[in-house]
2 protein chains.
Amino acid sequence: VIGLLGSTGIHHAGLAVADLDESLAAWTGLAGGVLEVRAELPEQGVEAAAIALPDGGEIELICPLDPNAAGGVAKFLRTKGPGLHHIALSVPDVSVALTSARAEGVRLIDEVPRLGLHGVPVAFLHPVAGGGVLIELIEHQTEST
Amino acid sequence: VIGLLGSTGIHHAGLAVADLDESLAAWTGLAGGVLEVRAELPEQGVEAAAIALPDGGEIELICPLDPNAAGGVAKFLRTKGPGLHHIALSVPDVSVALTSARAEGVRLIDEVPRLGLHGVPVAFLHPVAGGGVLIELIEHQTEST
């Protein structure tokens, strides 16, 4: 059954961390997996890394470039501490998903897709759309799409 | 690469919700998927439901049976509001994973596996083990195990 967003699965869980090197070592040691990509995303004010687990699903670690920044992950860490930040759903086409969402009055953070850590289009819905859960849409071709 | 826990992938994202019927309708409408199981877990003080997405990964919704209960998800909802509660990693054998974790000094909530929503063994690590993230281990045979 396909929902409004056309999502096909959980692509990753996004975790806010205070020290990227330390968290990468800890998560790889605990959960295993392979470092798929690590990059600074200056417009987001973060450095991020994705660990791909063998049978599917990724752990994405997000660390603010400036822990004193006013918003984003820096603020999340100051107010809530390190922990689960968002979940990302795979969709075949982020633009199509945003158009469908907008037509149904789903509140968005990103009105248009932008390039994410993996170099593919992504967009965030507003947390109210997920009942308090921050949802990222990530363009990802899967078996059934 | 297999880590200490032997985990093979992300089994589900666990969400704390205040109204299970409403959240089920909202998540199914938004993300799609199929209601795989819904049950009361009285020892956990919750009613829970799992939505399986077509290409993998599940959304697990957890709602307290008594919103005024002192601990658990009821307390989570009162202090943090509805949102991401835990992530569950698939492991081939929860007992083996707990033994490995204990041997390395990983802090646990469950010292022995118990039966979870899906009727298979599960166990929770202490959030300090995940750097602030509550990790559930769930016994799940996958392709590579």
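Residues numbered from 1 in each chain as written. Chains lettered and ligands numbered in written order. Predicted model: local features only at pLDDT ≥ 70, side-chain atom pairs only at ≥ 80, totals over all residues. Heavy atoms only, no water.

(A) Region of interest: the relation of the copies chain B and chain A. If you rotate chain B by 180° and push it 0.0 Å along the axis, it lands on chain A with an RMSD of 0.0 Å. In short, the pair behaves as if placed about a two-fold rotation axis. Of the C-alpha atoms belonging to chain B, the one lying closest to the rotation axis is found on L84 of chain B, 3.3 Å away. Counting the interface residues of chain B, we find that 100% of their copies in chain A are interface residues as well, pointing to one common contact surface. (Least-squares fit on C-alpha atoms with pLDDT ≥ 70 in both. Contact = heavy atoms within 4.5 Å.)

(B) Broad picture of the interface of chain B and chain A. At the interface, 44 residues of chain B touch 44 residues of chain A. Ranking the residues of chain B by area buried against chain A places L30, D55 and L84 of chain B at the top, with a combined share of 22%. Linking chain B to chain A there are zero salt bridges. Here chain B is connected to chain A by 14 residue pairs in polar contact (both at pLDDT 80 or more). Elements that contribute at least two residues to the side of chain B that touches chain A include exactly strand 1 (9–16), helix 1 (20–31), strand 4 (58–64) and strand 5 (83–91) of chain B. Looking at the side of chain B that touches chain A element by element, the count peaks at six residues for strand 5 of chain B. Its residues placed into classes, the side of chain B that touches chain A shows 22 nonpolar, 19 polar and three charged. (Buried area = accessible area lost by both parts, 1.4 Å probe. Salt bridge = Lys/Arg side-chain N within 4 Å of Asp/Glu carboxyl O. Polar contact = N/O pair within 3.5 Å; in protein donor to acceptor, adjacent residues only side chain to side chain. Helix = DSSP H or I, 4+ residues; strand = E, 2+ residues; numbered from the N terminus. Nonpolar A, V, L, I, M, F, W, Y, C, P; charged D, E, K, R; others polar.)

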